[in-house]
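Here is what each chain is made of, one letter per residue.
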Amino acid sequence: MKSKLKTKLAVLAAVFATILAATPQTMPAHASTYSVSPMYQMISLTPGETYVGNFEIVNPGDNVYNFYYQLRVEPYSVDEANSPQLEANGDYSHIVDWIELSNPTGVIAPNEHAEARFVIDVPENAPAGGQYASIVVSSGEYRVDNSDVDLREVYETAHILYADIAGETVRKGTITDISVPSFLLSGQITGSATINNEGNVHSEAVQTMQIFPLFSNEEVYTNEEDPKKTWIMPERSIFTSVKWDGAPSLGVFHVIYNVEYEGVKANVDKIVIVCPIWLLFILIACLFIVLFAIIFGEKKEKK
């Protein structure tokens, strides 16, 4: 009798384990959390040589699940708003065909990390200038059972490669449409410009802004110690700006806005008036009252 009971219990346990294995598990929010370090690399390559590189994939300690990852290589470019695009960009995406992944799949235990390795075989006839690619780290497929709908989620993070191929590199740029508005209805004082990369390699633009009260040399805002730096891809025009969000809603300021790119400098030095719209209406109303009083007074004197 005991033998039969043990047999039944064993069968039930096996069935229960099978059901658990087949049942989709709802993953906690941090189950898919992982990080890539660093997020990008700047590398110099020489035609005919081989480059070996790596970066880290980290499964944090608060994640109770093993992290299964997959790697793939995609082209990298940006659009007119400087937003990343995993799309080919003509002569600047050939590097995608030169990259071989050493460990395209793997598993990482919680609180551990793995080294993602790649090899770049640069051909002898590689074009000089910039080449761009992204190594995309993709999570395993997670099942989400918060509703009757079968949802599956995959998380992806890209490690960006900015490569500079030795040869006839052209570094050239222009700055256009640089401006600072003279009159504002709110306190967001902004300097903006369009920066054009006319070369064949990525390079960095630097923007600074200084703001003074009208009758003082003491800065109320400056980013000179931490200027805004923007990477501009080859043959791209990027509209970019620097903004002081903490400006008061009323005041008159002296603004100096500077942009530097590939040896070209441009700046705006002007007085900016910040006046809220309610005060503007009051001033306009007062102006009409004064004008009406003057006109009415002249008519009364004539009579």
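Residues numbered from 1 in each chain as written. Predicted model: local features only at pLDDT ≥ 70, side-chain atom pairs only at ≥ 80, totals over all residues. Heavy atoms only, no water.

**Some words on unusual backbone geometry**
Definition in use: Helix and strand assignments come from DSSP, with helices taken as H or I runs of at least 4 residues and strands as E runs of at least 2, each series counted from the N terminus. Note on exposure labels: buried denotes an accessible area under 20% of the residue type's maximum, exposed denotes more than 50%, and partly exposed covers the range between, all computed with a 1.4 Å probe on protein chains only.
Across the junction of Ser37 and Pro38, the peptide omega takes the value -10°, indicating a cis bond. The backbone of Asn111 sits at a positive phi, close to 65°, despite the residue not being glycine. Counting through the fold element by element, Asn111 comes out in the loop between strand 8 (105-108) and strand 9 (112-121). Positive phi is not limited to glycine here, since Glu262 has a value of about 50°. For Glu262, a relative accessible area of 28% gives the class partly exposed.

**Quick look at the pattern of salt bridges**
Applicable threshold: For this document, the term salt bridge refers to a Lys or Arg side-chain nitrogen within 4 Å of an Asp or Glu carboxyl oxygen.
In this structure the tally under the stated criterion is six salt bridges. The salt bridge partner of Arg72 is Glu74, with a shortest N-O separation of 2.9 Å. The salt bridge partner of Glu262 is Arg171, with a shortest N-O separation of 3.8 Å. You can see Glu262 sitting in the loop between strand 21 (251-261) and strand 22 (264-274) and its partner Arg171 sitting in the loop between strand 13 (156-165) and strand 14 (173-179), a full 91 residues away along the chain. A single salt-bridge network, built from bridges that share partners, covers Arg72, Glu74 and Glu156.

**Remarks on the sheet that holds strand 3 (residues 50-59)**
Convention followed: One bridge is not enough; two strands pair if DSSP finds at least two bridges between them. Convention adopted: a line fitted to C-alpha atoms gives each axis, helices being fitted over their contacting stretch, and angles between N-to-C directions are expressed from 0 to 180 degrees.
Across the sheet, four strands lie side by side as 1-3-9-7; this open sheet has antiparallel pairing. Each edge of the sheet is formed by a strand with only one pairing partner; in this case those strands are strand 1 (35-37) and strand 7 (99-101). The average undirected angle you get between the axes of adjacent strands in this sheet is 30°. As defined by bridge partners, strand 3 adjoins strand 9 across 10 bridges and the pair is classed as antiparallel. Counterpart to Gly53 in the pairing with strand 9 is Phe118.

**Topic: the environment of Val264**
Quick reminder of the rule: Only heavy atoms enter the contact rule, under which two residues are in contact if any of them lie within 4.5 Å.
Structurally, Val264 can be placed in strand 22. Judged by its relative accessible area of 30%, Val264 is partly exposed. For Val264 and Thr174, which are 90 residues apart along the polypeptide, the C-alpha to C-alpha distance reads 6.7 Å. Once residues lying within four places of it in the same chain are set aside, the contact partners of Val264 are Gly173, Ile175 and Val259.

**A look at the environment of Asn111**
You can call Asn111 exposed: its relative accessible area is 59%. C-alpha separation for the pair Asn111 and Gly61, spaced 50 residues apart in sequence, amounts to 3.8 Å.

**Notes on the packing of aromatic side chains**
This is how the line gets drawn: Aromatic contacts are taken between Phe, Tyr and Trp rings whose centres are within 6.5 Å, Trp giving its six-membered ring; a plane angle under 30 degrees counts as stacked, one over 60 as edge-to-face, and the others as tilted.
Using the criterion set out here, one finds seven aromatic pairs in the structure. For the ring pair Tyr40 and Tyr162, a centre distance of 5.9 Å and an interplane angle of 85° mean the geometry is edge-to-face. In this pair, Tyr40 sits in strand 2 (residues 40-45) while Tyr162 sits in strand 13, placing the two residues 122 residues apart along the sequence. Here Tyr76 and Tyr162 contribute two aromatic rings whose centre-to-centre distance is 6.0 Å and whose plane-to-plane angle is 75°, an arrangement assigned as edge-to-face. Taken together, the residues span a long stretch of sequence, with Tyr76 in the loop between strand 4 (67-75) and strand 5 (77-78) and Tyr162 in strand 13 at a distance of 86 residues. Overall, Tyr162 belongs to the buried group, its relative accessible area being 10%. In this structure an aromatic cluster arises from ring pairing among Tyr40, Tyr76, Tyr132 and Tyr162.

**Focus: the pairing of strand 3**
By the bridge criterion, three bridges tie strand 1 to strand 3 in an arrangement that is antiparallel. Each bridged residue has a counterpart across the sheet, and for Ser37 the counterpart in strand 3 is Glu56.

**Brief notes about the sheet that holds strand 2**
The strand order 2-13-10-4-8 describes an open sheet built from five strands, whose pairing is mixed. Looking at the sheet topology across the chains shown, the edges are occupied by strand 2 and strand 8. Put simply, the sheet's adjacent strands are angled 25° from each other on average, direction ignored. Alignment of strand 4 against strand 8, held across four bridges, turns out to be antiparallel. Looking across to strand 8, one finds that Tyr69 is bridged to Gly106.

**A word on the nonpolar core**
Side chains that are nonpolar tend, in soluble globular proteins, to be buried together. Just so we agree on the cut-off: We call a set of buried Ala, Val, Leu, Ile, Met, Phe, Trp, Tyr and Cys residues a nonpolar core when their side-chain atoms join them within 4.5 Å.
Among the nonpolar cores identified, the biggest contains 28 residues, and Ile57 and Ile120 are the most heavily contacted of them. For this core, the secondary structure elements donating two or more residues are strand 2, strand 3, strand 4, strand 7, strand 9, strand 10 (129-139) and strand 13. Apart from residues lying up to four places away in sequence, Ile57 is in contact with Tyr34, Ser35, Phe67, Tyr69, Leu71, Ile108, Glu112, His113, Ala114, Ala116 and Val137. Counting residues in each nonpolar core, the second largest holds 24 residues, with Leu184, Ile189, Tyr221 and Val272 among its members.

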